Amino acid sequence: MENETPSLTLMAQRQRDRSSPAARFSYALQSLRRSLVGMVGVGIILTVLIVAIIGPSISPFDPVKHNLRARFKPPGYTTEYGTHVLGTDQLGRDILSRLILGSRISVMIGLVAAAIGSTVGMTYGLVAGYFGGRVDAIMMRVADAFLGIPFIVLVVAISGVVGPGLVTLILILGLTGWVTYARVARGEVLVVRNLEYVTAARVIGQRTPQIILRHVSPNVMSSAIVLAAMEVGSVILAESSLSFLGLGVQPPTVTWGLMLADGRQYLGSAWWMTTFPGIAISITVLGIVFVGDWLRDVLDPRMRGRD
């Protein structure tokens, strides 16, 4: 046993070295250079983030200012104040300026909601998978029961009690997506908890919280990151759908989904009110999907062997 313990300890150290942040970052850069899909996705996401950050300084018009004399003007319409490149809406507000402002709120909703869902879900799955047995059975039955609640029913119930709003929407979207993370994390932990380096950590006397944080969680983080990247796109789409139904963000806050909701009754006469927000949502979600696909190749050890 005395000879086995140093060997197991060395195996644990080698495992941590191979999964060090520096090694993963170097591999990610090499993979990005070889992946056209990854480069396109990263380019789209960086562009959206830059626009969201510096939006107010590049908006050609005030995105919330009304100009009833310029209502329903098509793309390219020019006034004494400038050219409305993407046209105007029912209140004469510039569509391009509202798209720029809406990117900030929509992206923030996607990122924060995905962060909440992944944190809650991964923690839940780590605990359930590591302890196993009766603890795992009880925790996963709770997750299954939560998963059985229809999403729209839960949204309507919470919105009816708390009231619609930005914070409410973020919490709803974040806390309704945790089950997927929990199931993925739990499945991977059931395999990882019996591997040699986890056994080595137990043998040398590390406590359970240390083992989970230092040895088990790094092995499920790759799946969490990929899933979160995909979930950001799903959250943006969900926000758009809920805003379209009147259950999401309320005016005067500007989001892409709310812009779609505003333009739905003018599809025949002012197609640009819904077309351009729809294109913005589609391109952003596509970029996130591309990044998620690339991250899967980077973070999944089974995919590395194919290079």
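Each remark here, short or long, concerns the structure printed above.
The paragraphs below set out a description of the structure included in this document.

Each value, and the rule that gives it
- Residues numbered from 1 in each chain as written.
- Predicted model: local features only at pLDDT ≥ 70, side-chain atom pairs only at ≥ 80, totals over all residues.
- Heavy atoms only, no water.
- Helix = DSSP H or I, 4+ residues; strand = E, 2+ residues; numbered from the N terminus.
- Buried < 20%, exposed > 50% of the residue type's maximum accessible area, 1.4 Å probe, protein only.
- Contact = heavy atoms within 4.5 Å.
- Areas by Shrake-Rupley, 256 points an atom, 1.4 Å probe, with all protein chains shown as cover.
- Arc of directions from axis to C-beta.
- Axes fitted to C-alpha atoms, helices over the stretch in contact; angles between N-to-C directions.
- Parallel < 35°, antiparallel > 145°, perpendicular 65-115°, else oblique.
- Left-handed = near helix turned anticlockwise from the far one by under 90°.
- Nonpolar A, V, L, I, M, F, W, Y, C, P; charged D, E, K, R; others polar.
- Core = buried A, V, L, I, M, F, W, Y, C linked by side-chain atoms within 4.5 Å.
- Patch = residues over 30% accessible without salt bridge, like charges linked within 9 Å, V, L, I, M, F, W, Y side chains within 5 Å.
- Salt bridge = Lys/Arg side-chain N within 4 Å of Asp/Glu carboxyl O.
- Polar contact = N/O pair within 3.5 Å; in protein donor to acceptor, adjacent residues only side chain to side chain.

**Section: the overall build of the protein**
Scanning the protein from N- to C-terminus turns up 13 helices and two strands. The buried share among the 307 residues of the protein stands at 44%. Sequence separation of 24 or more characterises 70% of the internal contacts of the protein that already satisfy a separation of 6 or more. Summing over all exposed atoms, the protein offers an accessible surface of approximately 15800 Å²; the carbon and sulfur share of this is 66%.

**Points about helix α9 (residues 196-203)**
Of all the positions in α9, only Tyr197, Val198, Ala200 and Ala201 are classed as buried. Projected down its long axis, α9 shows its buried positions confined to an angular sector of 155 degrees, all on one face. Following α9 by one or two positions, Gly205 has its phi on the positive side, about 95 degrees.

**Focus on the packing of helix α3 (residues 36-58) against helix α4 (residues 95-131)**
Their axes nearest at 8 Å, the elements α3 and α4 cross at an angle of 140 degrees. In terms of axis orientation, α3 runs oblique to α4. Like other packed secondary-structure pairs, α3 and α4 cross with a definite hand, here left-handed. Along the contact surface, α3 presents Val48, Leu49, Val51, Ala52, Ile53, Ile54, Gly55, Pro56 and Ile58, while α4 presents Ile100, Ser103, Arg104, Val107 and Leu111. Taken together, the residues that form the contact of α3 with α4 break down as eleven nonpolar, two polar and one charged.

**Topic: the environment of Ser234**
Checked against the element boundaries, Ser234 lands in helix α10 (residues 208-244). Judged by its relative accessible area of 38%, Ser234 is partly exposed. In this structure, the C-alpha to C-alpha distance between Ser234 and Leu173, residues 61 residues apart in sequence, is 9.6 Å.

**Here we look at the nonpolar core**
The nonpolar side chains of a soluble globular protein tend to be buried with one another. Ranked by internal contacts, the top residues of the largest apolar core, which has 39 residues, are Ile95, Leu99, Val216 and Trp256. Where this core is concerned, the elements lending two or more residues are α3, α4, α8 (178-192), α9, α10, α11 (256-263) and α12 (272-299). If you tally residues by element for this core, the top one is α10, at nine residues. In contact with Leu99, not counting residues within four places along its chain, are Leu86, Trp256, Met259, Phe276, Pro277 and Ala280. Ranked by size, the runner-up nonpolar core spans twelve residues in total, among them Ile105, Ile109, Leu169 and Leu242.

**Regarding a nonpolar patch on the surface**
A cluster of nonpolar side chains, Leu46, Leu49, Ile50, Ile53, Ile54, Ile58, Met108, Leu111 and Val112, forms an exposed patch at the surface whose accessible area comes to about 750 Å². Only α3 and α4 provide two or more residues apiece to the nonpolar patch. If you tally residues by element for the nonpolar patch, the top one is α3, at six residues.

**Notes on the side chain of Ser35**
By the secondary structure assignment, Ser35 is in the loop between α2 (21-34) and α3. Polar contacts involving the side chain of Ser35 include one to the main-chain amide nitrogen of Gly38, which spans 2.9 Å.

**Regarding the pattern of salt bridges**
Under the criterion given, the structure shown has five salt bridges. Across the pair Asp89 and Arg93 runs a salt bridge, and its minimum N-O distance is 2.8 Å. Arg93 carries the same exposure label as Asp89, and that label is buried. Asp144 is paired through a salt bridge with Arg141; the nearest N and O atoms lie 2.8 Å apart.

**Quick look at the side chain of Gln90**
On the secondary structure map, Gln90 appears in the loop between β2 (82-84) and α4. Given the relative accessible area of 13%, Gln90 is considered buried. For Gln90, the contacting residues outside a window of four places in its chain are Arg71, Phe72, Asp262, Tyr266 and Met273.

**Let's talk about unusual backbone geometry**
The backbone of Phe72 sits at a positive phi, close to 55 degrees, despite the residue not being glycine. Within the secondary structure, Phe72 sits in the loop between α3 and β1 (77-79). Looking at Phe72, the relative accessible area reads 24%, which means it is partly exposed.

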